[in-house]
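Residues per chain are reported as follows:
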Amino acid sequence: MLTLVLPRRLVGFEGAARRSASVAQRNIAALKTAYWLVMLGGLLEPVLYLFSIGIGVGQLIEEITLPGGRTIGYAEFVAPAMLASSAMSGALAETTFNFFGKMKFMRLYEGMLATPVRPIEIALGELSWAMLRGSVYSAAFLVIMVLLDLTTAGRALLAFPAAVLVGFAFGALGMTISTLIRGWQDFDMIGAGQFALFLFSGTFVPATTYLPVLRWLVEITPLYRSVHLIRGISTGTLGVVQVVDVLYLVALTGAGLFIAGRRMERLLCR
């Protein structure tokens, strides 16, 4: 039923929005059973980190003091970071490896450009599809957080759109990177960079524990801004600085889409 109803709704817009939605519709129509197993693996990873480090190691760690002076349990501190990391991983999985394969080897987008669809609309459609995957991850993880009493249901509802915004930002960044890399070997560098962000973005320890120079580098990374935003919502410590996080992620999304669209136009329309 989903494959019959959802595509019809996706193409119910006009102009550029309709053409972008058609790209996402194509991905939905191409879904296979094995794909859902891949998605399940992407969800299990942050859940395992939460149980092993957030809850397991958390039994050995005293409470964490937030910048405002409030103390929370270590699992409460780690869980929002796992949510942000999950949104990042889901978006990057679709907009790097899968996107690169479609563009460079399947030549899928060259066929699309024979229609009225433009490169920027392909980018928007692929980003929308990536966010469908990222939203599934985020919603499932938030349910787990509420069940474990790591946040409240009301805060989880507020954290969900924040996680979607994180996915959009990293999805746009992933597409930009995919238009710049030369071949499959470069994905090793992407994986290394993603893992470095995961470890050093205030994920497991507060950024204040780093040396001043390292702290500055940590705080300008997109995952740190994402973790900071979602942690503020999840723990109920929202402030003006979270507005900076939102503006940062919105700017990253816009810049990533603009660059990806221009790069795709150069690569596919030459």
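Residues numbered from 1 in each chain as written. Predicted model: local features only at pLDDT ≥ 70, side-chain atom pairs only at ≥ 80, totals over all residues. Heavy atoms only, no water.

## Observations concerning helix α7 (residues 153-178)
Argument step 1. The end-to-end C-alpha separation of α7 is 37 Å, in line with the 38 Å expected for 26 residues at 1.5 Å each.
Argument step 2. The largest bend in α7 comes to about 25°, at A159, with the proline P161 one to four residues further on. (Helix = DSSP H or I, 4+ residues; strand = E, 2+ residues; numbered from the N terminus. Expected span 1.5 Å × (residues − 1). Bend = angle between axes of the 7 residues up to and from the residue.)

## A word on the pattern of salt bridges
Argument step 1. Counted according to the given criterion, the structure contains 4 salt bridges.
Argument step 2. Note that E121 and R118 form a salt bridge whose closest N and O atoms lie 2.9 Å from each other.
Argument step 3. Between E219 and R215 there is a salt bridge, and its shortest N-O distance comes to 2.8 Å. Separated by 4 residues within a single helix, E219 and R215 lie in helix α9 (residues 212-219), roughly one turn from each other. (Salt bridge = Lys/Arg side-chain N within 4 Å of Asp/Glu carboxyl O.)

## What about helix α6 (residues 119-147)?
For an α-helix, 3.6 residues make a turn, and residues three or four places apart therefore share a direction.
Argument step 1. In a regular helix each residue adds 1.5 Å, so 29 residues correspond to 42 Å; α6 covers 42 Å between its end C-alpha atoms and thus fits that length.
Argument step 2. Immediately downstream of α6, the backbone of D149 shows phi near 60°, a positive value.

## A look at the side chain of S85
Argument step 1. Note that S85 resides in helix α4 (residues 74-105).
Argument step 2. With near-sequence residues (within four places) excluded, S85 lies in contact with F198, T203 and L223. (Contact = heavy atoms within 4.5 Å.)

## Here we look at the packing of aromatic side chains
Argument step 1. Within this structure, the stated rule accounts for 8 aromatic pairs.
Argument step 2. For the pair F97 and F187, a centre-to-centre distance of 5.5 Å together with 65° between the ring planes defines the contact as edge-to-face. One end of the pair, F97, is in helix α4; the other, F187, is in helix α8 (residues 187-199), with 90 residues separating them in the sequence.
Argument step 3. Given the relative accessible area of 13%, F187 is considered buried.
Argument step 4. A connected cluster of aromatic rings, assembled from ring pairs, spans Y49, F195, F198 and F204. (Phe/Tyr/Trp six-rings, centres within 6.5 Å; stacked < 30°, edge-to-face > 60°. Buried < 20%, exposed > 50% of the residue type's maximum accessible area, 1.4 Å probe, protein only.)

## What to know about the packing of α7 against helix α11 (residues 241-268)
Argument step 1. The interhelical angle for the contact between α7 and α11, taken along N-to-C directions, is 30°, at an axis separation of 8 Å. The pairing of α7 with α11 is recorded here as roughly parallel in orientation. The two elements α7 and α11 meet at a crossing, and its hand is left-handed. Contacts from L165, V166, F168, A169, A172, M175 and T176 of α7 reach α11 at V246, L249, V250, L252, T253, G256, L257, I259 and A260. (Axes fitted to C-alpha atoms, helices over the stretch in contact; angles between N-to-C directions. Parallel < 35°, antiparallel > 145°, perpendicular 65-115°, else oblique. Left-handed = near helix turned anticlockwise from the far one by under 90°.)

## Details of a nonpolar patch on the surface
Argument step 1. Together, L211, V213, L214, W216, L217 and I220 give the surface a local cluster of nonpolar side chains, amounting to about 630 Å² of exposed area.
Argument step 2. With respect to the helices, strands and loops of the structure, L214 is situated in helix α9.
Argument step 3. Taking relative accessible area as the criterion, L214 reaches 44% and is therefore assigned partly exposed. (Patch = residues over 30% accessible without salt bridge, like charges linked within 9 Å, V, L, I, M, F, W, Y side chains within 5 Å. Areas by Shrake-Rupley, 256 points an atom, 1.4 Å probe, with all protein chains shown as cover.)

## Considerations on the nonpolar core
Argument step 1. The biggest cluster of nonpolar side chains holds 41 residues, and the ones touching the most others in it are F77, M82, L83, F141, M145, F170 and I230.
Argument step 2. At the level of elements, α3 (33-56), α4, α6, α7, α10 (222-235) and α11 are the ones that each hand at least two residues to this core.
Argument step 3. Ranked by the residues each element gives to this core, the list is headed by α4, at 13 residues.
Argument step 4. Ignoring anything within four residues of it in the chain, the contact list for F77 reads I64, L66, I72, G202, T203, F204, V205, P206 and R231.
Argument step 5. Core analysis: the next-biggest nonpolar cluster, separate from the first, contains 16 residues, V117, L127, A172 and M264 among them. (Core = buried A, V, L, I, M, F, W, Y, C linked by side-chain atoms within 4.5 Å.)

## Quick look at the environment of G101
Argument step 1. With respect to the helices and strands, G101 occurs in helix α4.
Argument step 2. Between the alpha carbons of G101 and S178 there is a distance of 9.3 Å; along the sequence they are 77 residues apart.

## Section: the packing of α7 against α10
Argument step 1. One can describe the packing of α7 onto α10 by two numbers: an axis separation of 8 Å at closest approach and a directional angle of 170°. With respect to α10, the element α7 is oriented roughly antiparallel. Here R155, L158, A159, A162, A163, V166 and F170 of α7 lie close against α10, whose contacting residues are P222, L223, S226, L229, I230, I233, S234 and T235.

## Some details on the environment of M145
Argument step 1. In this fold, M145 is placed in helix α6.
Argument step 2. A relative accessible area of 1% means that M145 is categorised as buried.
Argument step 3. Residues M145 and P80, 65 residues apart in the sequence, show an inter-C-alpha distance of 8.7 Å.
Argument step 4. Setting aside anything within four residues of it in sequence, one finds M145 in contact with A79, P80, L83, L150, T151 and S234.

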